[in-house]
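This is what each chain is made of:
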Amino acid sequence: MSVNTIYLLSFLIPLVLMPMVLPAFVLMAHRKRITDGPGPRKRQRHPVPLMGGTVMMLVICVTSVVINLFYDITPLFPVLCVMCMLYIFGMMDDTIGLGWGYKLVLQIFAVLMLYLGTNYGIYSVRGIHLLENLSPLMSGVLTVFCGVMLLNAVNFSDGIDGLASAFGVMVGIVMGYWHTRHGFVTQAIISFIMVGIMSSFFCYNVFSKRYKSYMGDSGSF
């Protein structure tokens, strides 16, 4: 199977799976009251389920297993493990509530695990302030700082319909294109998976009334 076909499947599988799974989880969230209720700083008039992140994580795992049957994406498994870790932390926040201090510590821990367990990190700033290659300590600190900032940026944008998912689609397209141009196949695959998931979720988040859902902290943590 060609690489382009793998890219296409990476986009289409989550795009099709999301509408098959999300409605059932939305109904369950209403019954279990896993919702974001109306408030003085919120525009919704009715409780909105917070199950988007759960469905996303499920679809990511299923799609990864299917794609791995045709192309070896085992180098991405450490990244998927960190994503599962973030999902668990976010689900804890959605269900029992976590203080900002606990959330910050858990976010730092997750980004640090990604940095230490993979080769993903900020190792150079391309001559900014006359700096080229960074020391391991500075690289780790900068990676954790930027990672935590990105996590919270997505978290804060989830309460506005379509903002977080539209941002995810745009970032996924840009990163997918960049990775394909430079031959990073596995990274391109996860980028296109995210484009498929976010595109489908965007439609439910913005246009659906019965099955409207937010990502929740489980999806944006």
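Quick note: structure is the one above.
Note that this is a predicted model, so its numbers are computed, not measured. (Residues numbered from 1 in each chain as written. Predicted model: local features only at pLDDT ≥ 70, side-chain atom pairs only at ≥ 80, totals over all residues. Heavy atoms only, no water.)

Engineer: Looking at this structure, I do not really get the nonpolar core. What am I missing?
Structural biologist: If you look at soluble globular proteins, the nonpolar side chains tend to sit buried side by side. With 32 residues, the main nonpolar core has Met-18, Ile-189 and Ile-197 as its most contacted residues. For this core, the elements supplying multiple residues, two or more each, are α1 (3-32), α2 (52-68), α3 (77-95) and α7 (185-207). If you tally residues by element for this core, the top one is α7, at 11 residues. In this structure, Met-18 is in contact with Pro-23, Val-55, Met-56, Val-59, Ile-197, Ser-200 and Phe-201, ignoring residues within four places of it in sequence. Counting residues in hydrophobic clusters, the runner-up holds 7 residues, among them Leu-86, Ala-110, Val-111 and Val-144. (Core = buried A, V, L, I, M, F, W, Y, C linked by side-chain atoms within 4.5 Å. Buried < 20%, exposed > 50% of the residue type's maximum accessible area, 1.4 Å probe, protein only. Helix = DSSP H or I, 4+ residues; strand = E, 2+ residues; numbered from the N terminus. Contact = heavy atoms within 4.5 Å.)

Engineer: How should the packing of aromatic side chains be read in this particular structure?
Structural biologist: Geometrically, a pair of aromatic rings is defined through the distance of the ring centres and the angle of the planes. For the coordinates displayed, the defined rule picks out 2 aromatic pairs. Where Trp-178 meets Phe-184, the ring centres are 5.8 Å apart and the plane angle is 20°; that geometry is what we call stacked. Of the residues examined, Trp-178 reaches a relative accessible area of 40% and is grouped as partly exposed. Residue classification places Phe-184 among the partly exposed positions, given a relative accessible area of 37%. (Phe/Tyr/Trp six-rings, centres within 6.5 Å; stacked < 30°, edge-to-face > 60°.)

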